[in-house]
Amino acid sequence: MKRRIGIYPGTFDPITNGHYDIIRRALHVVDHLVIGVARNDAKGPLFATDERVEIVRDEMKYLENGGGERIEVRPFETLLMHFAESVGASVIVRGLRAVSDFEYEFQMAGMNARLNPNIETVFLMASDRYQFISSRFVKEIGALGGDIKHFVSPRVAERVVARFNGTKLEPRRRK
Ligand code: ADP
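Residues numbered from 1 in each chain as written. Predicted model: local features only at pLDDT ≥ 70, side-chain atom pairs only at ≥ 80, totals over all residues. Heavy atoms only, no water.

**Concerning the sheet that holds strand S4 (residues 91-96)**
Consideration 1: Read from one edge of the open sheet, 5 strands run S3-S2-S1-S4-S5, paired in parallel fashion. Looking along the sheet, the strands with just one partner apiece sit at the ends: strand S3 (71-76) and strand S5 (120-125). Shown here is a sheet whose adjacent strand axes are inclined to one another by a mean of 30°, direction ignored.
Consideration 2: Pairing analysis gives 6 bridges linking strand S1 (residues 5-10) to strand S2 (residues 32-38), with the strands arranged parallel. Paired with Pro9 across the strands is Gly36, a residue of S2.
Consideration 3: Of the strands in this sheet, S4 and S5 touch helix H4 (residues 99-115), which is tilted by about 170° from S4. (Pairing = 2+ DSSP bridges. Helix = DSSP H or I, 4+ residues; strand = E, 2+ residues; numbered from the N terminus. Axes fitted to C-alpha atoms, helices over the stretch in contact; angles between N-to-C directions. Contact = heavy atoms within 4.5 Å.)

Given below as structure tokens:
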């Protein structure tokens, strides 16, 4: 049978327990998962693309049952559909949080379906423990010295804290 390749695109600035949960679930749906780390400079990310790729790669070593071996982490800055085609993906994985994600995701899935009707967008829901987590609030809490260990891995928490200790706390541009 053909190996089913999925792509999970995002900014991952930084990767949170919510992303982690979606990745675990995606591995039930696809044989091989490419995590696409979008460059997204316009969003003024806390971590540069290379750092985000490195952090996600490192985190994947901690996936249980050797899940990390079925994962590849790659940066991209092209159109998502072109990236998906270039890795031979048949599925785009997105996570859905609350109603707030729906409008944007609905439009993106609809337009992507027009660009390439052979690649399906699949929405996965994180467990209710993780649904409320967003990278944006992790950064805001981190910037103000709050405890982020419930939302990200201890390793990521350490990096976020180090980043904020090393930088002036200027307001960052929001999504
Ligand atoms: P984007 O900047 O495109 O929202 P993110 O890195 O924030 O990219 O997220 C990538 C994907 O992961 C998106 O589909 C987003 O909805 C999903 N996601 C992020 N956090 C969660 C969460 N806590 N639960 C479910 N899905 C999530």
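**A few points about the side chain of His19**
Consideration 1: For His19, the location among the structural elements is in helix H1 (residues 17-29).
Consideration 2: By relative accessible area, which is 15% here, His19 ends up buried.
Consideration 3: Looking at His19, its side chain comes within polar contact range of the main-chain nitrogen of Thr16, at 3.0 Å.
Consideration 4: The contact partners of His19, leaving out residues within four places of it in the chain, are Tyr8, Phe12, Pro14 and Ser135. (Buried < 20%, exposed > 50% of the residue type's maximum accessible area, 1.4 Å probe, protein only. Polar contact = N/O pair within 3.5 Å; in protein donor to acceptor, adjacent residues only side chain to side chain.)

**Side note on helix H6 (residues 154-166)**
Given 3.6 residues per turn, any residue in an α-helix points the same way as the ones three and four places further on.
Consideration 1: A rise of 1.5 Å per residue sets the reference length of H6, with its 13 residues, at 18 Å; its end C-alpha atoms lie 18 Å apart and thus fit the reference within 8%.
Consideration 2: Among the residues of H6, Val156, Ala157, Val160 and Phe164 are the ones counted as buried. Looking straight down H6, one finds that the buried residues subtend no more than 105° of arc, so they occupy a single side. The outward face of H6, more than 90 degrees from its buried face, is lined by the exposed residues Pro154, Glu158, Asn165 and Gly166.
Consideration 3: Considering only its buried residues, H6 is in contact with helix H2 (49-60) and helix H5 (135-143). (Expected span 1.5 Å × (residues − 1). Arc of directions from axis to C-beta.)

**Section: the site of the ligand**
Consideration 1: Among the 20 residues in the neighbourhood of the ligand, the closest are listed as Tyr8, Lys43, Gly95, Tyr130 and Ile133.
Consideration 2: With respect to the ligand, the side chain of His19 contributes an N or O atom lying 3.1 Å from an oxygen atom.
Consideration 3: Between an oxygen atom of the ligand and a main-chain N or O atom of Gly95, the distance comes to 2.7 Å.
Consideration 4: Protein chains shield 95% of the accessible area of the ligand, which is 540 Å² for the free molecule.
Consideration 5: Looking at the shell around the ligand, the elements that each hand over two or more residues are S1, H1, S4 and H4. (Near = heavy atom within 4 Å. Areas by Shrake-Rupley, 256 points an atom, 1.4 Å probe, with all protein chains shown as cover.)

**Quick notes on the pattern of salt bridges**
Consideration 1: Scanning all chains against the criterion turns up 14 salt bridges.
Consideration 2: In this structure, Asp58 and Lys61 form a salt bridge, with 3.1 Å as the shortest nitrogen-oxygen distance.
Consideration 3: Salt bridges sharing partners connect three or more residues here, namely Asp21, Arg24, Arg25 and Glu64. (Salt bridge = Lys/Arg side-chain N within 4 Å of Asp/Glu carboxyl O.)

**Describing the nonpolar core**
Consideration 1: Core analysis: the biggest nonpolar cluster contains 35 residues, and Ile15, Ile23, Leu33, Ile35, Met60 and Ile71 have the highest contact counts within it.
Consideration 2: Where this core is concerned, the elements lending two or more residues are H1, S2, H2, S3, S4 and H6.
Consideration 3: Counting residues per element, this core draws most heavily on H1, which supplies 5 residues.
Consideration 4: When neighbours within four sequence positions are excluded, Ile35 is seen to be in contact with Tyr8, Phe12, Ile23, Val56, Met60, Ile71, Glu72, Val73 and Arg74.
Consideration 5: In this structure, Ala38, Val87, Ile92 and Met108 belong to the second largest nonpolar core, which totals 14 residues. (Core = buried A, V, L, I, M, F, W, Y, C linked by side-chain atoms within 4.5 Å.)

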